[in-house]
Amino acid sequence: MTRVVLLEVTKRFGKTVAMDRVSLEIEEGELFTLLGPSGCGKTTTLRVIAGFEFPDEGRVFFDDEDVTYLKPYKRNTAMVFQNYALWPHMTVYDNIAYGLRLRKLPKEEIDRRVKEVLSLVKLEGLEKRYPNQLSGGQQQRVALARALVVQPKVLLLDEPLSNLDAKLRVGMREEIKKLQKELGITTIYVTHDQEEAMSISDRIAVMNRGRVMQVGTPRDIYFHPRNLFTAWFIGRSNIFEATVLDVEDDQVKAILNGFTLTGVKEPDIKLEPGDKVAVVIRPESIETQPPRTSGYNEFQGKVDLTMFLGDHVNVRVDVNGLKVLAYLEPDEEPSMGADIKLYVEYEHVRVLPWEELE
Amino acid sequence: MADPKNKRFFRASARLPHISMPNARVIASQLDLTLISFMAFPLIVMTVFLLAPLASTLKEAFFYHGELSLQWFRTLFQSKEYVNLQGTGEFYYIHRPRLAPETMATLVIRGKDYGIILNSLIVATSVTFAATTLGLIIAFVLARYEFPGKRFFRILAVVPMLVTPFINAYVVKKLFLEDGLVSWLLHDVLHILPWRLRIEGYAGVALAQTMTYFPIAYLNIYSSLINIDPSMEEQAENLGARGFRLFRTVTLPLAMPGIAAGATLIFIFSLEDLGAPIVFRGSAERLISYKIYNEFINMTGQLSAEVAALAVLLLFIAATGFIIIRRYVSLKSYAMISRGGRWKPRVSRPGLKGLLVIYLVILPLIVFTALPQFGVIATAFSKEWRGPLPSIIDPKYWDGLRPEGATLEYMVKVFKDPSVNVYVINSLKYSLAALVIIVLVALTASYAVSRARLPGLSIIDTLITLPIAMPGLAVAVSYVFFFSSAFRGTLLDPTDLAKFNPAALLIIAYAIRKLPFTARAVFAGLQQTHVALEEAAMNLGSGRLRTIGTIVLPLIALNILSGAMVSFIYCVTEVSVSITVGGIKHEYAPLTFYMKNAYLAEVQAIPVTAALGVLLIIIQLTVITLVTLGFKQKYAVVGV
Ligand SMILES: Nc1ncnc2c1ncn2[C@@H]1O[C@H](COP(=O)(O)OP(=O)(O)O)[C@@H](O)[C@H]1O
Ligand SMILES: [Mg+2]
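Here the structure is a predicted model, which is why all the values come from computation and not from measurement. (Residues numbered from 1 in each chain as written. Chains lettered and ligands numbered in written order. Predicted model: local features only at pLDDT ≥ 70, side-chain atom pairs only at ≥ 80, totals over all residues. Heavy atoms only, no water.)

## Some thoughts on the overall build of chain B
- On a plain count of helices and strands, chain B comes out with 25 helices and five strands.
- Out of the 640 residues belonging to chain B, those deemed buried represent 55%.
- Counted over contacts in chain B with a minimum sequence separation of 6, partners at least 24 positions apart contribute 78%.
- For chain B, the accessible surface area stands at approximately 28,000 Å², while carbon and sulfur atoms represent 65% of it. (Helix = DSSP H or I, 4+ residues; strand = E, 2+ residues; numbered from the N terminus. Buried < 20%, exposed > 50% of the residue type's maximum accessible area, 1.4 Å probe, protein only. Contact = heavy atoms within 4.5 Å. Areas by Shrake-Rupley, 256 points an atom, 1.4 Å probe, with all protein chains shown as cover.)

Right, dumping it as C-alpha cells:
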C-alpha cells in the first residue's frame, strides 16, 4: 500500500496552467477523488501521477520515493483511461495478461491471476472475446481488470463511468467502491459528476482552473464549503451577493437587497464589516415552519413558480425581487402567486468571501 | 461465440452501414427514375468497358482451338523462358575489365534470371517488402518524434512520388553506374567499398521501384500512426511496456491498416511498372510487364492468345497479392473503439543518439530517394549534355551548376515546338475527357451506393473499386481483344490500322483505371453529408434530381473537385495503356508515349524527356498543393 504525495506541482501547456501549485496527500488504501468541471486539470493531475506528463515545478512522491521524473513504465501504477484504451487487436485474455507477461510471470500464474480477476469483475467466460464484441459495461470491467491484475501500487481511474448509461453507472460505482475496499489499493478517482464523487469517495479534492479549492470528506465539502466555488459547484445553492454588517464570533450579519440575514462563517475565515461576501443557502434547508431552534431568519415572499418532482417540490419565491429556491415536501406545494413565509436557521446560511465565478 | 462469426467482426475494411433487407414492396416504392438511372449508368459503363473486355481476354486465354483448355497456360509454365527454377546468371559478381587497372574493378549486382513469371513475382515481392519497411521506418520517425526540420523532412519524403516516367528510373540507373554518384561516394570518397558499384538488371528495377514507391507506404502508415489513440500506447507503458516491445505488441498491429493499404498499392504498381524495365532493358527484359509491352511493339494484326494468357496471369497475381495482403491484415485490423478523451498524437523529443540517427541516417536516406526528381530537373535545365550523368548529381560536373551552364532551351521546346507539344496537348485532351466520364460515374455510383437502401448494391461499389487492383497492361491487352472483335473495322478497332484512332480507347481506359480515386473522394463526401439534409428538401416537395442538384452537389463539390484533380494527375502520367494502345498510331499518342520514344531514341532527346518530366512535376505539384491547401484532404493522392 502506498501513500501518494504531490508537493506544489505546477504544469503548464503553453499559456494554459493545467495544474497550479497542486498539493495533495493521499493516504494508503484511500479512495481519493479529484472533482471539478471539465478542463480544470483533473486528467493532467492523474497523468502527472502516472508519469505521462512531467511537472514544470513541484514533486511527486510514492511513500518516501521521489518519482517526479520516473518513467511511466517503472512506476507500477495502473491507469484506467476514460476511453478504456482496450487494445482492439487482443482478446480480453490477452489484454488482461499483457501487464503480467511484461512482468515475466510463469504461464500458470498468469492464467490463474487472469481467471481470478475475471471472476472478481464478473466476466468469467469472456476471455476469448475481442473488445468490440463487448458491451460498454463489459469493456469497462475489462479495463478495470487489466489494471487490477498487476496489483499496482496506485490505481488511477479517469472518469471510468462517463461512457456508461445512467443505470449502469450507479451499479458500477457501487462495485468499484466495494472492490477497492476489498483490495485496499490506494485509488485516485477522477470525475466531474459530484454525485458520483460523493457516493464513492473517502475524501474529495475539489479543483478549479488548475487549483485545488478544498480537500475533505464528502460531508465536509457539502456542509462546510470553504469557498464560493466549492459551495457553488457542489449541490444546488441560492447564492446572493451581500455586504457584512457585523461579525460576532462566527456569526455574521449581512445586508442584501435591503434586508438583513444572519449566517455563520468558518472559524478561520476573517471577515470585516463592509466586506463583500456571498451568502449561500441550500434549497433543502429552507422551511415553511419556524424551526425549533432559537436562531433563524425569516422572510416573506410571493410564489413565483412551482415544479413537482416526485420526492419534493421546487418552489421559487420572489422576496423583494430576489429569487429564492426552496425544496419543499410534496404535500407542502403552495399555489402560484400565494404569499408565503420562509424560514432558515442561522446554521444553514453560510457566509463566504466573495469571488467571481467564471 | 462461434468462430465464423468472429471473423466477420474483423473484416474492418471499407464496410457499408448495415442494411436490413427491405421487402419488394418497400424496394419498389423507394425507386424513382433518377435513382434507377444512377444505378444503371455506372453498371453499364463498368460492364461494357471493364467486365466485357476482361471476358474477351479470358475467352482468348482459356480457349484452345475452340475448346475450353488450359493449354496456353501450360505452354507458359512449361517454357524455360517463363519459369526457370534453377535461375541463370549470377546475383552479383566482380567485373574486372581486361587490361584496365585494378581500380576499375566493379561489383555488379543484377539479380538472377528465373524466367519471366518468377522474375515478376520476385521483383514485386521484394519491392513491396523493402518499400513498406522503408516507409514504416520513416513514417514512425516522422509521426512519433519532434525535431528541428521535421516539416522539411515530410515534404522531402514525398518528392519521390512525383511521377516522371522513364527519366526517373534513368537517373536511378545513372546513380548506380560504376562512375555514378554512389560509386564515387562509397569507393572514391569514403573508401567503404573496395570496388566500384553497378546495379542493373532485376536488382536495378527493384531498386528504382523501391525508391519511387516507398512514399506510398510512408503516407499510408503515417496517417495510420497519427490516428492511433495515444491512450492505447500509454496504457501499455503504464503497465510496464517500453521500446521495441511496445512497438511490436501495440503500435505495429494498430498501424496495420496503413501498412496493408500501402503494401497492396506498391505490389500492384511494381507489377505493372514499365518505366524501370524499359530503362534497364538489356539486363532486365524478362518481366511480365516488359514482355507484354514488347508484344505490343511487335504487334502485327492481332495479339496472340499467349499474351492473353499472360495478361490473365498478371491479373491473377495482382488480385492474389491484393487479397493476400488485405486478408492477412484484415485479420489484424480493427475498428478503433474510442470514446471521448483528448486526442494529441504521441510525439516525443529524441535524445542525442536519436537525433544522430535521424540526421545521419534517415535524412540522407530521404534525400537520396529524392535524387531522381532533382536529377530530372537538373537534366532539363543543363545546357551541356556532358557525360553520362545530369550535371547536378555528377561530382565531376558540379561546375554545371554555374548559371552559365543553365538553359531554358528544353523547357521552351516543350511549350513551343509543335512536334513535342502536340503530345502534351493530346494528353491534356484525353485526360480532361476521361475526367468527365470519371466524375459522372463516380457521382452516380457513389450516390446510388450510399443512398439507395437496396440489397446487392455493393456490387457497384466493388466494380468501381476494382480497377485499383488491375494492372494497366491487363487493361491494354483486354481492350485490344475486346474492341477488335466487338467494334471490328471501326475507329475503335486497334487492329485496323487504317481506321483506328486511339483517342477514344485512351479516354475510356484512363477513365476506368483512374476512376477509384474520384469515387473514393465522392463517397467520403456523401457519407459525411447527413441524409436528413436531402430528406428535408424532398419533404418540402423537391424531386430527387433537383435535390441532388441543389443540395447534394453544392455540399460535396469540394470532394468531387479534389478527387477529380487527383484522378487527373494519374491520367496525365498514365504509362501502361498510353505506350501500348496509345502507341499504335504515333500522331495521336499521349505524352508518356513520346517520353518513352524520346528516351529510347537518342541521347540528345534525354533533356527533352526530362523537360517533359519537369512539366509533369509542375502539374502534380500544383494539384497536390491545391488539394492539400484548398480542400484539407491531406493524403488524397494515395488514399485509396
Ligand atoms: N497535452 C495538452 N496540450 C495542451 N493543453 C492541454 C493538454 N492537456 C491538457 N491541456 C489543457 O489543460 C487544461 C486541463 O486539462 P485536463 O487536465 O484534461 O482537464 P480535465 O481532465 O479536468 O477535464 C485544459 O485547459 C486543457 O485544455
Ligand atoms: Mg479529463
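Back to the write-up after that little detour.
## Let's talk about the overall build of chain A
- Counting its regular elements, chain A contains eight helices and 19 strands.
- In chain A, which comprises 358 residues, the proportion classed as buried is 53%.
- Considering only contacts within chain A whose residues lie at least 6 apart along the sequence, 66% involve residues at least 24 apart.
- For chain A, the exposed surface amounts to about 16,000 Å²; the carbon and sulfur share of it is 48%.
- Each charge class in chain A was averaged separately, 47 positive and 56 negative side chains, and the resulting centres sit 8 Å apart. (Lys, Arg positive; Asp, Glu negative; His and termini not counted. Charge placed at Lys NZ, Arg CZ, Asp CG, Glu CD.)

## Details of the pairing of strand β2 (residues 16-26) of chain A
Residues and elements named next belong to chain A.
- Note: strand β1 (residues 4-13) against β2, seven bridges, orientation antiparallel. What sits directly across from Arg12, in β2, is Val17.
- Counting the residues in the hairpin turn of β1 and β2 gives two residues, including Gly14, whose phi is positive at 60 degrees. (Pairing = 2+ DSSP bridges.)

## Points about the domain arrangement of chain B
All names here are of chain B.
- Each assigned domain of chain B is listed here: domain 1 (11-59 + 414-630) and domain 2 (76-97 + 115-285 + 347-404).
- Once you take the C-alpha centre of each, domain 1 and domain 2 turn out to be 29 Å apart.
- On the domain 2 side, the residues contacting the 29 residues of domain 1 number 22 residues.
- In this assembly, domain 1 packs against domain 2 so that about 2,300 Å² is buried in total across both faces, 81% of it on carbon and sulfur atoms.
- Between Arg513 and Glu272 there is a salt bridge; the shortest N-O distance is 2.9 Å.
- Where domain 1 packs against domain 2, one counts three residue pairs in polar contact (both at pLDDT 80 or more).
- Residue contributions to the side of domain 1 that touches domain 2 peak at twelve residues, all from helix α25 (residues 606-631). (Domains from an automatic or database assignment. Buried area = accessible area lost by both parts, 1.4 Å probe. Salt bridge = Lys/Arg side-chain N within 4 Å of Asp/Glu carboxyl O. Polar contact = N/O pair within 3.5 Å; in protein donor to acceptor, adjacent residues only side chain to side chain.)

## Notes on unusual backbone geometry
- Although it is not a glycine, Asp249 of chain A adopts a positive phi angle of roughly 50 degrees.
- When you line up the elements, Asp249 of chain A lands in the loop between β11 (238-248) and β12 (251-256).
- Residue classification places Asp249 of chain A among the exposed positions, given a relative accessible area of 70%.
- A positive phi angle, close to 50 degrees, is found at His65 of chain B, a residue other than glycine.
- Counting through the fold element by element, His65 of chain B comes out in the loop between β1 (63-64) and β2 (67-68).
- A relative accessible area of 72% means that His65 of chain B is categorised as exposed.

## Details of a negative patch on the surface
- A contiguous patch of negative charge on the surface is contributed by Asp311, Glu329, Asp331 and Glu332 of chain A.
- Its place among the elements puts Asp311 of chain A in the loop between β15 (296-308) and β16 (313-319). (Patch = residues over 30% accessible without salt bridge, like charges linked within 9 Å, V, L, I, M, F, W, Y side chains within 5 Å.)

## Structural notes on the sheet that holds β15 of chain A
Residues and elements named next belong to chain A.
- Overall, antiparallel pairing links the four strands, which are arranged β17-β16-β15-β18 in an open sheet. Each edge of the sheet is formed by a strand with only one pairing partner; in this case those strands are β17 (322-328) and β18 (339-345). Averaged over all adjacent pairs, the angle separating strand axes in this sheet is 45 degrees, with direction ignored.
- In this sheet, β16 lies alongside β15 in antiparallel orientation, the contact comprising six bridges. (Axes fitted to C-alpha atoms, helices over the stretch in contact; angles between N-to-C directions.)

## Some remarks on the pattern of salt bridges
Residue and element names in this part refer to chain A.
- A full pass over the atoms with the stated rule returns 44 salt bridges over all chains.
- Here Glu30 ties to Arg203 by a salt bridge, and the two come within 2.5 Å at their closest N and O atoms. Of this pair, Glu30 sits in the loop between β2 and β3 (31-35) while Arg203 sits in strand β9 (residues 203-208), placing them 173 residues apart in sequence.
- Classification of Glu30 as buried rests on a relative accessible area of 7%.
- We classify Arg203 as partly exposed; its relative accessible area is 22%.
- Between Arg141 and Glu175 there is a salt bridge whose closest N-O contact spans 3.2 Å. Remark: Glu175 occurs in helix α5 (residues 166-183) and Arg141 occurs in helix α4 (residues 136-148); sequence separation between them is 34 residues.
- You can call Glu175 partly exposed: its relative accessible area is 23%.

## Considering the environment of Ile117 of chain B
Residues and elements named next belong to chain B.
- Inspection of the secondary structure assignment puts Ile117 in helix α5 (residues 116-144).
- Of the residues examined, Ile117 reaches a relative accessible area of 3% and is grouped as buried.
- Discounting residues that sit within four places of it in the chain, Ile117 has contacts with Leu76, Phe77, Tyr82, Val83, Ile288 and Leu313.

## Here we look at the interface of chain B and chain A
- Contact residues are listed per partner, giving 29 residues for chain B and 33 residues for chain A.
- With both chains or domains summed, chain B and chain A bury close to 3,000 Å², and 57% of this area falls on carbon and sulfur atoms.
- Scanning the region where chain B abuts chain A turns up one salt bridge.
- The salt bridge involving Glu234 of chain B is made with Arg47 of chain A; its shortest N-O contact spans 2.7 Å.
- Put simply, chain B and chain A have eleven residue pairs in polar contact (both at pLDDT 80 or more) between them.
- Here the side of chain B that touches chain A takes seven residues from helix α10 (residues 230-238) of chain B, the largest share from any one element.
- By residue class, the composition of the side of chain B that touches chain A is 14 nonpolar, nine polar and six charged. (Nonpolar A, V, L, I, M, F, W, Y, C, P; charged D, E, K, R; others polar.)

## Side note on the confidence of the model for chain B
All names here are of chain B.
- Taken over all residues, the pLDDT of chain B has a mean of 84, while the share at 70 or more is 88%.
- Mean pLDDT values over the elements of chain B span from 34, in helix α1 (residues 3-9), up to 95, in α5.
- Predicted confidence is poor over residues 1-19, with pLDDT under 50, and the contacts of this stretch with residues over four places away or in other chains come to 22 contacts.
- Segment residues 387-392 is flagged for pLDDT under 50; beyond a separation of four residues in sequence, or across chains, it makes 22 contacts in the model.
- We note a pTM of 0.82 for the whole complex and an ipTM of 0.76 for its interfaces. (pLDDT = per-residue confidence, 0-100.)

## Focus: the sheet that holds β2 of chain A
All names here are of chain A.
- Ordered by their spatial adjacency, four strands build an open sheet running β2-β1-β4-β5, and the pairing between neighbours is antiparallel. Since the sheet does not close on itself, it has two edges, and those belong to β2 and β5 (65-66), each with one partner.
- Set on the sheet, helix α1 (residues 42-50) makes contact with β1, β2 and β4 (57-62); between it and β1 the angle comes to about 120 degrees.

## Here's the deal with the packing of α5 of chain B against helix α15 (residues 352-381) of chain B
Residues and elements named next belong to chain B.
- At their nearest, the axes of α5 and α15 sit 12 Å apart, and the two run at 125 degrees to each other. Taken together, the axes of α5 and α15 lie oblique to each other. At the point where α5 passes α15, the crossing takes the left-handed sense. Taken together, the residues of α15 that come into contact with α5 (itself represented by Leu134, Ile137, Ile138 and Val141) are Ile358, Ile362, Leu365, Ile366 and Thr369. (Parallel < 35°, antiparallel > 145°, perpendicular 65-115°, else oblique. Left-handed = near helix turned anticlockwise from the far one by under 90°.)

## Comments concerning the environment of Ala263 of chain B
Residue and element names in this part refer to chain B.
- Mapped onto the secondary structure, Ala263 falls in helix α11 (residues 243-272).
- A residue is classified by how much of its surface remains accessible, and Ala263, at 8% relative accessible area, is buried.
- C-alpha of Ala263 to C-alpha of Gly321: the two residues are 58 residues apart in sequence and 9.4 Å apart in space.
- In this structure Ala263 touches Thr128, Thr132 and Ile325, once residues within four positions along its chain are discounted.

## Quick word on the pairing of β18 of chain A
All names here are of chain A.
- The buried fraction of β18 is high, at five of seven residues.
- Relative to β18, β15 runs antiparallel, the two sharing seven bridges. The residue bridging Gln300 from the neighbouring strand is Lys341, located in β18.

## Examining the packing of aromatic side chains
- Under the defined criterion, the tally for this structure stands at 31 aromatic pairs over all chains.
- Taken together, the ring pairs in this structure connect Phe49, Tyr479, Phe482, Phe483 and Phe487 of chain B into an aromatic cluster.
- Lying over the aromatic face of Tyr222 of chain A, Arg282 of chain A brings its terminal NZ or CZ to 4.1 Å of the ring centre.
- Positioned above the aromatic ring of Phe280 of chain B is the side chain of Lys173 of chain B, whose terminal nitrogen or guanidinium carbon lies 6.0 Å from the ring centre. (Phe/Tyr/Trp six-rings, centres within 6.5 Å; stacked < 30°, edge-to-face > 60°. Lys NZ or Arg CZ within 6 Å of the ring centre and 35° of its normal.)

## A look at the packing of helix α3 (residues 33-62) of chain B against helix α19 (residues 472-486) of chain B
Residues and elements named next belong to chain B.
- Between α3 and α19, the shortest axis-to-axis distance is 8 Å and the interhelical angle comes to 90 degrees. Judged by the inter-axis angle, α3 sits roughly perpendicular to α19. Touching Val48, Phe49, Ala52, Pro53, Leu54, Ser56, Thr57 and Glu60 of α3 are Val477, Ser478, Tyr479, Phe481, Phe482 and Phe483, all from α19.
- Looking at the contact of α3 with α19 residue by residue, the class counts come to ten nonpolar, three polar and one charged.

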